[in-house]
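Understanding the architecture of this molecule
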Amino acid sequence: MKMIQDFNFKGKKAIVRVDFNVPLDKKTFTVTDDTRIKGALLTINKIINDGGCLILMSHLGRPEGRMEKYSLKPVLPVLEKLLGKKVLFADDCLGESAVKMSAALKPGEVLLLENVRFYPEEEGKPILPETATDEEKKAAKAEMKIKQKEMAKKLSGYAEIYVNDAFGTAHRAHATTAVMADYFPKDKMMFGYLINSELAAMDKVLNNSQHPFTAIMGGAKVSDKIMLIENLLNRVDNLIIGGGMTYTFIKAMGGKIGKSLCEEDKLDLALKLIEKAKEKKVNLYLPVDSLNADKFDNDAKTSVTAADAVEDGWLGLDIAEKSIKLFSSVIENSKTILWNGPMGVFEMEKFSKGTTAVAKAIAAATSKGAYSLIGGGDSVAAINKNGLADKVSYVSTGGGAMLEYMEGKKLPGITAIRGE
Ligand code: AMP
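Overview of helix α11 (residues 353-367)
End to end, α11 covers 21 Å across 15 residues, agreeing with the expected 21 Å (1.5 Å per residue, within 8%). Taking burial as the measure, the 15 residues of α11 include eleven buried ones, the bulk of the element. Within α11, the full set of buried residues consists of Gly354, Thr355, Thr356, Ala357, Val358, Ala359, Ala361, Ile362, Ala363, Ala365 and Thr366. Packing partners of the buried residues in α11 comprise β7 (213-217), β14 (315-319), α10 (321-332), β15 (336-340), β16 (371-375) and α12 (377-385). Directly after α11, the chain includes glycine 369, whose backbone phi takes a positive value near 105 degrees.

Dropping the structure here:
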């Protein structure tokens, strides 16, 4: 497989799938967070500095057909500023302008194509009326597959090299993230720097970790993280569970959880995970105390109880002091740390302490030489909010993609380029 750092783009035209799915201000349509654009700069600059020319493609949001509010145009001034040069824009990724502009590109020039999801064939999902019969659905799906290939083939014709650097959509088998790889020879496609660094960070944690290895899982539901937890139980020394999913475990063990979040249909599963942790000799840490609220509100009355003694009518919304101490000490004595999911309803100031404490403990462990990988939108937000992004080892840009990779799944965007 070709590696971008060893490749010389001089005189070559590359089409690069990036993840410019940035948040926009609802009124002014300006970019409110440019992290994702910055994430692609290494790859973009490498190609320009080598003397190649490049065509950038991305999705933004979930448009249904062409919808101007999902245009990539607002990205243009931000990208121009970051690159310090003019960027061309084609207002339709498959239209005549895109064909002509990409054909006319000169070395060092950059062309951004309009949102690839303005075409349903990008995702390959047919838009059907609810009344469609199974037969109609099957036919529409088959037709859409053909159209998706046509789209991938057309875009592939714009350039001689294909680079995928959109880690955030690597778990999707879309035209621009995976199908396009069918139209390039093996030695003419590669990952960009961002995907390479994401893969390196995940592989380090999964396959090359130093011990003790601690995984911290939080967030709302166990059901979203079952497969990840199962896969991690084969690798970690310590598993810390916090957040809403705590209470399903506590209830499964016979504790009282009041009105806290609970997935009744996952109680058996929680017990199985506890058993599996024992079998694998993994230390499972659940919160020992809980910060409870009388309503789901930042102005709620609060109480602290043992995590298995939440009063009737109350909801556990964060871990409390004893758990913070316990979790922090486990984290600070670890050599490898993976964190996914907040310890409480961190969006509300009153219930953000547990999450902030975990973020700080991870930074402290990292300063003592641990390797720390943070993934998932909320954990990343907590790290950023506390100004700790440069105090942890790696902050992943892809929530869903990272989860799936760490679960052990094959990601279409990755396998397509690796040729697996
Ligand atoms: P997830 O997307 O599964 O990682 O869940 C993130 C969400 O979980 C955040 O919006 C948190 O507010 C929420 N969350 C964390 N702890 C709790 C809790 N104890 N009760 C209800 N929601 C929670």
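Continuing now.
Description of the sheet that holds strand β6 (residues 189-191)
Read from one edge of the open sheet, six strands run β3-β4-β2-β1-β5-β6, paired in parallel fashion. Looking at which strands have only one partner, the edges of the open sheet turn out to be β3 (88-90) and β6. Strand-to-strand twist across the sheet, computed as the mean angle between neighbouring axes with direction ignored, equals 25 degrees.

Section: the nonpolar core
Ile15, Leu113 and Leu373 are the most contacted members of the largest nonpolar core, which has 69 residues in total. It is helix α6 (residues 193-207) that provides the largest number of residues to this core, a total of seven residues. Setting aside its immediate chain neighbours within four residues, leucine 373 contacts Ala201, Met202, Val205, Ile337, Leu338, Trp339, Tyr394, Ser396, Met402 and Met406. In terms of nonpolar packing, the next biggest core, distinct from the first, is built from 32 residues, Phe20, Phe89, Val110 and Leu112 among them.

Some words on unusual backbone geometry
The peptide bond linking histidine 211 to proline 212 adopts the cis configuration, its omega dihedral lying at 0 degrees. Looking at the element boundaries, proline 212 is found in the loop between α6 and β7. In this structure, phenylalanine 29 takes a positive phi of about 55 degrees despite not being glycine. Of note, phenylalanine 29 is situated in the loop between β1 (13-17) and α1 (35-39). On the basis of relative accessible area, phenylalanine 29 is assigned to the partly exposed category, the value being 35%. The phi torsion at lysine 281 lies on the positive side, around 60 degrees, for a residue other than glycine. Along the chain, the position of lysine 281 falls in the loop between α9 (267-279) and β10 (283-285).

Here is what the cut-offs are and how they apply
Residues numbered from 1 in each chain as written. Predicted model: local features only at pLDDT ≥ 70, side-chain atom pairs only at ≥ 80, totals over all residues. Heavy atoms only, no water. Helix = DSSP H or I, 4+ residues; strand = E, 2+ residues; numbered from the N terminus. Expected span 1.5 Å × (residues − 1). Buried < 20%, exposed > 50% of the residue type's maximum accessible area, 1.4 Å probe, protein only. Contact = heavy atoms within 4.5 Å. Pairing = 2+ DSSP bridges. Axes fitted to C-alpha atoms, helices over the stretch in contact; angles between N-to-C directions. Core = buried A, V, L, I, M, F, W, Y, C linked by side-chain atoms within 4.5 Å.

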